[in-house]
Amino acid sequence: MVVDIRTLILVLFIILSIQSLVLFFTSVIVKEQRGIKCWGIGILLIALGFVCMFLRTYKEIEVITIILGNLSHFAGFIFLYVGSQHFFNHEKKIMPLIVASLVFLLVISYYTIIKDQVNTRAILYSFLASALLLVNGVFLLKERHPEVRKSVAFVSVIFLIGSAFLFIRFFYLLFFNPIHNFFNGDFFQMPSFIGAMLIGLMLTFGFILVINQRLNAQVTTTAQHFKLIFNTIPDIATVTEVKSGKFVYVNDEFFHVTGHSRKEVEGRSVFDVSLWKNPNDRQKLISQLKEKSPMITQEFEFLRKDKNELIGLVSANPIVIGDKECVLFIIRDITDLKKKESDLAQKTLELEKSNAEKDTFFSILAHDLRGPFGSILNLSEVLSDQSFIISEEEKEKMIMSLHRNAMSTNELLNNLLNWAAIRRKRFSYQPVECTFFEAVGETLPTLYDAAVNKQISLVNNIPDEIIVYADRYMFQTIIRNLILNAIKFTYPGGRVEVALLNENDDMLQFIVSDNGIGMSALMAESIFKSDQKTSRQGTLGEPSSGLGLILCKEFVELHQGQIHVDSEEGKGSRFIFSLSKKQV
């Protein structure tokens, strides 16, 4: 069967037009890829060139169709080259191409209008078209983009094959068999059109391959960038399906903070790993997202793998992945911050309480110091004033009163200095293992003197060899203050006893009891509190600030012991405290 050249030209036009449409539609879909539209225009111009060839049979328009057909083909090859340049972001000056097109137009016009030489036009067309395809093929070979290397190599080979075919045609027409009638099929004319058809198909196929390969590479690169950015977010980041709660993406910080492994969350949901402490919180949050999107910074409670609580500041945004509705959660771990806030609030509360206690305590202390100092000033003024005539008996009473006030004030100041040292954490706490006698042996004689001066029996029922683990100075202060307090509030002729109440392997329990005036239940509850006024005069008017008992409590608690009082008005008091027998 003999195929007419006109038929081949018409088929070529249809095929190339379809390919051009495919490239045009691709350029619309993939707008960010430059150069595709130029390829489409190039293929379309070549197709229009074949239309002009088909119209040569009409003598009235033969000249114009020859010129337009050749120019259309030449422009089509230029657009293919420009498309390749743009696709790989190379900007070339178009002025040389415009000049070349004008020169080509002039030469073709000359050999069409002035000298009608079909073979010369064919030789010129074959040579210039071969050169343009060669330039395009070489350019693509030099583009070493890893993501499209193989497909670009395929297209460049097609360009080079087309160039080689046209150069062979140029050589054949120049030296062997010139063309005298364009539509008369000869040995080379028919294969030229069939080759053009095949090369056009392969080029379009190659262009689509290059575009798809670059798109796939961009998708891969975008996915890698997303993964890199997602994993470098310093907060927990998760993407989960709205309905099922199934994990879609989870960043590395999620595993670091929650303690879960990637294997434990793959294919599972937030409910499977018990991520939300209250699962209803997630549903409430998603409902809020539907009303107002996105949601920024709300606090929610989560659970780590070890079931410890995680407090998170959550930002959420609805997204769609494929055909599934998902939610992107960014969770900032503020557990430590909330703990610090709580600790700070607690310390602030304690500081306010401490300051209030100090204010109350110092007002009480100022009142308690005023009395003894006022008495000392009055008595010393009377004794120093020669105008007053007083008997030796009265003078002795005044001196004894001065001595009691001075001793009381000295005791108060010593206790005050010790209490202040404890509060400022400047007190040296050095517990050692020692016997009761080693600890308080030096203190007991002065306590016996204080009891004798008030005609009170002081009984020590604690064995000297009993072992106690305590700071000697603090233990002496505890015993001295409790005994002096008992003596102060016991009438002359009364009894004060120090005894070992209880003993076990770890602790010793001591008791200092008296049969003095006792105290009310309300005072017993307040006697160890620095912000409560509990000072009162002793049975002989001795001043009392209450600081000694507060200091006893501080020292006992430093030894990790406890102290309390059992008392009833008119029946005396029993102060009971415990200390360790060995190092805690």
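The rules behind each value
- Residues numbered from 1 in each chain as written.
- Predicted model: local features only at pLDDT ≥ 70, side-chain atom pairs only at ≥ 80, totals over all residues.
- Heavy atoms only, no water.
- Phe/Tyr/Trp six-rings, centres within 6.5 Å; stacked < 30°, edge-to-face > 60°.
- Helix = DSSP H or I, 4+ residues; strand = E, 2+ residues; numbered from the N terminus.
- Buried < 20%, exposed > 50% of the residue type's maximum accessible area, 1.4 Å probe, protein only.
- Axes fitted to C-alpha atoms, helices over the stretch in contact; angles between N-to-C directions.
- Parallel < 35°, antiparallel > 145°, perpendicular 65-115°, else oblique.
- Left-handed = near helix turned anticlockwise from the far one by under 90°.
- Nonpolar A, V, L, I, M, F, W, Y, C, P; charged D, E, K, R; others polar.
- Pairing = 2+ DSSP bridges.
- Contact = heavy atoms within 4.5 Å.
- pLDDT = per-residue confidence, 0-100.
- 1 Å grid on protein atoms, 1.4 Å probe; cavity = no way out; pocket = protein on both sides within 12 Å on 5 of 7 lines; lining within 4 Å.
- Points joined across faces, edges and corners; volume = space filled by probe spheres on them.
- Core = buried A, V, L, I, M, F, W, Y, C linked by side-chain atoms within 4.5 Å.
- Salt bridge = Lys/Arg side-chain N within 4 Å of Asp/Glu carboxyl O.
- Expected span 1.5 Å × (residues − 1).
- Patch = residues over 30% accessible without salt bridge, like charges linked within 9 Å, V, L, I, M, F, W, Y side chains within 5 Å.
- Areas by Shrake-Rupley, 256 points an atom, 1.4 Å probe, with all protein chains shown as cover.

Before going further, it helps to spend a moment on the packing of aromatic side chains. Any two aromatic rings considered together are summarised by their centre-to-centre distance and by the angle between their planes. The tally for this structure, following the rule as stated, stands at 23 aromatic pairs. When the centroid spacing of 4.7 Å and the interplanar angle of 50° are considered together, the rings of Phe171 and Phe175 count as tilted. One end of the pair is Phe171 and the other is Phe175, both in helix α6 (residues 149-175) and four residues apart, which spans about a single turn. Since its relative accessible area comes to 54%, Phe175 is described here as exposed.

Let us look at the packing of helix α1 (residues 5-29) against helix α2 (residues 36-54). A pair of packed helices can be characterised by two numbers: the angle between their axes and the separation between those axes. Across the interface, α1 lies against α2 with an axial gap of 8 Å and an inter-helix angle of 160°. As summarised for this structure, α1 and α2 are arranged roughly antiparallel, according to the angle between their axes. In the packing of α1 onto α2, the handedness of the crossing is left-handed. Residues that form the contact of α1 with α2 fall into these classes: 17 nonpolar, six polar and two charged.

Taken in spatial order, the five strands line up as β7-β9-β10-β12-β11 in an open sheet, and their pairing is mixed. The sheet is open, and its two borders are formed by β7 (457-461) and β11 (563-567), each paired with just one other strand. The mean angle between the axes of side-by-side strands here comes to 20°, regardless of whether they run parallel or antiparallel. With five bridges connecting them, β11 and strand β12 (residues 573-580) associate as antiparallel partners. Residue Ile563 lies in a different strand from β12, and its bridge partner there is Phe577.

This part covers the environment of Ser573. Looking at where Ser573 falls in the secondary structure, it is placed in strand β12. For the pair formed by Ser573 and Gly518, sequence separation is 55 residues and the distance between their alpha carbons is 5.1 Å. Every residue in contact with Ser573, bar those within four places of it in the chain, is listed here: Val512, Ser513, Asp514, Gly518, Met519, Val565, Asp566 and Ser567.

Bringing the confidence of the model for the protein into the picture now. Residues of the protein with pLDDT of at least 70 account for 84%, and the chain-wide mean is 81. No element of the protein has a lower mean pLDDT than helix α12 (residues 392-423), which averages 65, and none a higher one than β11, which averages 92.

This brings us to empty space enclosed by the protein. Taken as a whole, this structure holds five cavities of 30 Å³ or more when the rule is applied. Forming the walls of the largest cavity are 30 residues, and the residues nearest its centre are Phe50, His73, Tyr125, Leu166 and Ala196. Mapped onto the lining of the largest cavity, the elements with two or more residues apiece are α2, α3 (62-87), α5 (118-142), α6 and α7 (189-232). Broken down by element, the lining of the largest cavity gets its largest block of residues, eight residues, from α7. Partitioned by chemical class, the residues of the lining of the largest cavity number 20 nonpolar, seven polar and three charged.

A negative phi holds for most residues other than glycine; trans holds for most peptide bonds. Phi angles above zero are rare outside glycine, and Ser274 is one such case at about 55°. One can find Ser274 in the loop between α9 (262-265) and α10 (279-291). The class for Ser274 is partly exposed, based on a relative accessible area of 28%. Notably, Gln560 is not glycine yet its phi reads approximately 60°, a positive angle. Relative to the helices and strands, Gln560 is located in the loop between α17 (547-558) and β11. Among the residues examined, Gln560 registers a relative accessible area of 57% and is labelled exposed.

For the rest of this paragraph, the subject is the nonpolar core. Nonpolar side chains in soluble globular proteins tend to end up buried together. Within the largest apolar cluster, 46 residues are counted, with the highest numbers of intra-cluster contacts made by Phe50, Phe77, Leu80, Phe159, Phe193, Leu203 and Phe207. At the level of secondary structure, the elements contributing two or more residues to this core comprise α1, α2, α3, α4 (95-114), α5, α6 and α7. Apart from the residues within four sequence positions on either side, Leu80 is in contact with Trp39, Gly42, Ile43, Ile46, Asn136, Phe159, Leu203 and Phe207. Membership of the second largest hydrophobic core comes to 42 residues, among which are Ile479, Ala524, Ile527 and Val556.

Attention now goes to the pairing of strand β10 (residues 507-514). Of all eight residues that make up β10, six are buried, and the element is covered over most of its length. The loop that links strand β9 (residues 495-503) with its antiparallel partner β10 comprises three residues. Taken together, the seven bridges between β10 and β12 define a ladder with antiparallel strand orientation. Within β12, the position partnered with Ser513 by the bridge is Arg574.

A few words on the pattern of salt bridges. Any two side chains of opposite charge can pair, so long as their charged atoms come close to each other. Under the criterion given, the structure shown has 15 salt bridges. The closest approach of N and O atoms between Lys339 and Asp343, which form a salt bridge, is 3.2 Å. Remark: Asp343 and Lys339 occur in helix α11 (residues 335-384); sequence separation between them is four residues, near one turn of the helix. Each of Lys277, Glu301 and Glu309 takes part in salt bridges that share partners, so that together they form one network.

Here the focus is the packing of α3 against α5. For the pair α3 and α5, the least separation of the axes is 9 Å and the interaxial angle reads 10°. As summarised for this structure, α3 and α5 are arranged roughly parallel, according to the angle between their axes. Facing α3, whose interface residues are Ile66, Asn70, His73, Phe74, Phe77, Ile78, Leu80, Tyr81, Ser84 and Gln85, α5 presents Arg121, Tyr125, Leu128, Ala129, Leu132, Leu133, Val135, Asn136, Phe139 and Leu140. Taken together, the residues of the contact of α3 with α5 break down into 14 nonpolar, five polar and one charged.

Take the side chain of Ser151 next. Here Ser151 shows up in helix α6. Among all residues touching Ser151, those that are not within four sequence positions of it are Leu209, Val210 and Gln213.

What follows is about the environment of Ser578. Among the secondary structure elements, Ser578 is positioned in strand β12. For the pair Ser578 and His564, spaced 14 residues apart in the sequence, the C-alpha separation amounts to 9.6 Å.

Turning next to α1. Taking 1.5 Å as the rise per residue, α1 with 25 residues should run 36 Å; its terminal C-alpha atoms sit 36 Å apart, in good agreement. Those residues of α1 that fall on the buried side of the exposure criterion are Ile5, Leu8, Ile9, Leu12, Ile15, Leu16, Ser17, Gln19, Ser20, Leu23, Thr26 and Ser27.

This part takes up a nonpolar patch on the surface. Residues Ile94, Met95, Ile98, Val99, Leu102 and Val103 make up a contiguous nonpolar surface patch of about 550 Å² in total accessible area. Examined against the element boundaries, Ile98 turns out to sit in helix α4. A residue is classified by how much of its surface remains accessible, and Ile98, at 39% relative accessible area, is partly exposed.

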